[in-house]
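Descriptive structure summary
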Amino acid sequence: MQHNITTIRTSSDGAWQGENPLNYAFPLLVIQTTLVLFTSRFLAFLLKPLRQPKVVAEIVGGILLGPSALGRNKDFLNLVFPSWSTPILESVASIGLLFFLFLVGLELDLSTISQSGRKAFSIAIAGMSLPFIFGAGLSFFLRKAVNGEDKVGYGQYILFLGVSFSITAFPVLARILAELKLLTIHVGQTAVAAAAFNDVAAWILLALAVALAGNGSAGTHKSPLISLWVLISGVAFVAFMLILVRPMMSWVARQCSPEQDYVIDEAYVAKIQGVEAWGLLALIISTACAGKILGTFVVAMLCMIPVRESLALGVLMNTKGLVELIVLNIGREKKVLNDEMFAILVLMALFTTFLTTPAAMAI
């Protein structure tokens, strides 16, 4: 059944009135949300013995519900995730993302960053620079190896690949450290501080990449100076929040008792086809891991951190997560990454995050 997005009604009179609730926006949204939550929570329960963070279950759930698995059945896809419902689901997901980033800010302990200081900053720079260089170098090969990517300009492709290789997911890392009870020891505090610096740099580079990408490969390209204005606007916003909003929220916090919050994440991945694509996946995973772990390990050793702690820092800084998925989704929307490249990088993020906890425990 074909629908015009401008004629979609919010709610139906009910199945007893002879109407199909799935043809209406709100009932379908409730079913989609329930299905996503149930799938992600069920997978989180299955992965709990492996001590995996929830984001791993959410990424796997997105793969299962997307066109790689259940979505291959067109009847299921058109029934539960019809194309007309995509803008509505994406809007709700964006609201969830805003709450998620708000909680990330709550988890950021500025005193920890100030205590680690120059050491954490050096580790963050090295842990981002080397994988960025590796990603930029590999982009020249991938641009020719992946069909359709040669239509994308070198500048935005290098930036998107470099950023996706060099990101450390601060919120996911914080949860892993909390589960391993490492937040209060030196290696955990250093990792959190370095990840915070890493995230700031990643968002600045992402703003530059978006400016270079413009409206896609066929669209107009905006000035790279936009990233500078994004940075200035961000600084102004932070100053506004610290000077005006923070005192008000401190007063509110004193009047209210703490409550538990929750976050809903959503992941999407397209299918990977062919042996060559899986070979590219293995190459990308090994390059990303080598760059992040090696860069962090070497600088940590130069900072006189013991070998085991330096190696643990490298593994922890290799954590990907929601921030990585945000970058990849933007790259896909801007047509810098096609479906195949998007899928490969999502699986890279899943593998590196899945690897973090077992590797850190082993070290």
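All of these numbers come straight from a predicted model, not from anything done at the bench.

The helix and strand tally for the chain stands at 13 helices and 0 strands. For the chain, the N- to C-terminal ordering of α and β elements is α-α-α-α-α-α-α-α-α-α-α-α-α. Here the chain holds 363 residues, and the buried ones make up 44% of them. For the chain, contacts bridging at least 24 residues in sequence account for 75% of all contacts bridging at least 6. Surface accessibility of the chain: about 19000 Å² in total, with carbon and sulfur atoms responsible for 68%.

Here we take up the nonpolar core. Counting 71 residues, the largest nonpolar core has Leu 142, Tyr 157, Leu 161, Phe 165, Ile 284, Met 341 and Leu 345 as its most contacted members. Ranked by residues supplied to this core, first place goes to helix α8 (residues 186-213) with 10 residues. Leave out the neighbours within four places in its chain, and Met 341 touches Leu 142, Val 146, Glu 149, Tyr 157, Leu 161 and Ile 284. Counting 5 residues, the second largest nonpolar core, distinct from the first, contains Ile 8, Leu 22, Ala 25 and Leu 28.

When the terminal C-alpha atoms of helix α2 (residues 54-65) are compared, their 16 Å separation across 12 residues agrees well with the 16 Å that a helix rising 1.5 Å per residue should span. Of all the residues in α2, the buried ones are Val 55, Val 56, Ala 57, Glu 58, Ile 59, Gly 61, Gly 62, Ile 63 and Leu 65. Contacts from the buried residues of α2 go to α1 (25-47), α3 (74-80), α7 (170-179), α12 (322-333) and α13 (339-362).

Using the criterion set out here, one finds 3 aromatic pairs in the structure. A ring pair is formed by Phe 38 and Phe 42, whose centres lie 6.1 Å apart and whose planes are at 10 degrees; its orientation type is stacked. Of the two residues, Phe 38 and Phe 42 both sit in helix α1, 4 residues apart, roughly one turn of that helix. We classify Phe 38 as exposed; its relative accessible area is 58%. Relative accessible area serves as the criterion here: at 42%, Phe 42 is assigned to the partly exposed category. Ring centres of Phe 121 and Phe 197 lie 5.4 Å apart, and the angle between their planes is 85 degrees; on these two criteria the pair is classed as edge-to-face. With a gap of 76 residues between them, Phe 121 in helix α5 (residues 110-145) and Phe 197 in helix α8 connect regions that are remote in the sequence. When the ring centre of Phe 342 is taken as origin, the NZ or CZ atom of Arg 332, which lies over that ring, is 5.3 Å away.

What follows concerns the pattern of salt bridges. A full pass over the atoms with the stated rule returns 1 salt bridge. Between Glu 58 and Arg 41 there is a salt bridge, and its shortest N-O distance comes to 3.7 Å. Separated by 17 residues along the polypeptide, Glu 58 in helix α2 and Arg 41 in helix α1 bring together distant segments of the chain.

The N-to-C vectors of helix α6 (residues 154-166) and α12 enclose an angle of 165 degrees; their axes lie 9 Å apart at closest approach. Relative to α12, α6 is oriented roughly antiparallel. In this structure, α6 crosses over α12, and the sense of that crossing is left-handed. Where α6 approaches α12, its residues Phe 160, Val 163 and Ser 164 are matched on the opposing element by Glu 324, Val 327, Leu 328, Ile 330 and Gly 331. For the contact of α6 with α12, the per-class residue count stands at 5 nonpolar, 2 polar and 1 charged.

Let us now look at α12. The first and last C-alpha atoms of α12 sit 16 Å apart over 12 residues, in line with the 16 Å expected at 1.5 Å per residue. Listing the buried residues of α12 in full gives Leu 322, Val 323, Glu 324, Leu 325, Ile 326, Val 327, Leu 328 and Gly 331. A positive phi of about 65 degrees marks Lys 335, the residue just after α12.

Another aspect to go through is a nonpolar patch on the surface. A cluster of nonpolar side chains, Phe 237, Val 238, Phe 240, Met 241, Leu 242, Ile 243 and Leu 244, forms an exposed patch at the surface whose accessible area comes to about 680 Å². The topology assignment puts Leu 244 in helix α9 (residues 226-255).

Turning our eyes to something else, we now look at unusual backbone geometry. With phi around 65 degrees, Met 304 is a residue other than glycine that occupies positive phi space. Despite not being glycine, Lys 335 shows a phi value in the positive range, around 65 degrees.

This part is about the side chain of Thr 357. When you line up the elements, Thr 357 lands in helix α13. Among all residues touching Thr 357, those that are not within four sequence positions of it are Leu 50, Arg 51, Gln 52, Pro 53, Ile 176 and Leu 180.

It is worth spelling out the environment of Leu 205 at this point. Inspection of the secondary structure puts Leu 205 in helix α8. Residue classification places Leu 205 among the partly exposed residues on the basis of a relative accessible area of 23%. Setting aside residues up to four positions removed in sequence, Leu 205 forms contacts with Met 128, Phe 132, Leu 159 and Val 163.

The next thing to look at is the environment of Gly 314. Assignment of secondary structure puts Gly 314 in helix α11 (residues 307-317). With 42 residues separating them along the chain, Gly 314 and Thr 356 place their C-alpha atoms 9.7 Å apart. Excluding its chain neighbours within four sequence positions, the residues that come into contact with Gly 314 are Lys 292, Ile 293 and Thr 296.

Rules behind the numbers
- Residues numbered from 1 in each chain as written.
- Predicted model: local features only at pLDDT ≥ 70, side-chain atom pairs only at ≥ 80, totals over all residues.
- Heavy atoms only, no water.
- Helix = DSSP H or I, 4+ residues; strand = E, 2+ residues; numbered from the N terminus.
- Buried < 20%, exposed > 50% of the residue type's maximum accessible area, 1.4 Å probe, protein only.
- Contact = heavy atoms within 4.5 Å.
- Areas by Shrake-Rupley, 256 points an atom, 1.4 Å probe, with all protein chains shown as cover.
- Core = buried A, V, L, I, M, F, W, Y, C linked by side-chain atoms within 4.5 Å.
- Expected span 1.5 Å × (residues − 1).
- Phe/Tyr/Trp six-rings, centres within 6.5 Å; stacked < 30°, edge-to-face > 60°.
- Lys NZ or Arg CZ within 6 Å of the ring centre and 35° of its normal.
- Salt bridge = Lys/Arg side-chain N within 4 Å of Asp/Glu carboxyl O.
- Axes fitted to C-alpha atoms, helices over the stretch in contact; angles between N-to-C directions.
- Parallel < 35°, antiparallel > 145°, perpendicular 65-115°, else oblique.
- Left-handed = near helix turned anticlockwise from the far one by under 90°.
- Nonpolar A, V, L, I, M, F, W, Y, C, P; charged D, E, K, R; others polar.
- Patch = residues over 30% accessible without salt bridge, like charges linked within 9 Å, V, L, I, M, F, W, Y side chains within 5 Å.

Coordinates in, geometry out; function isn't part of it.
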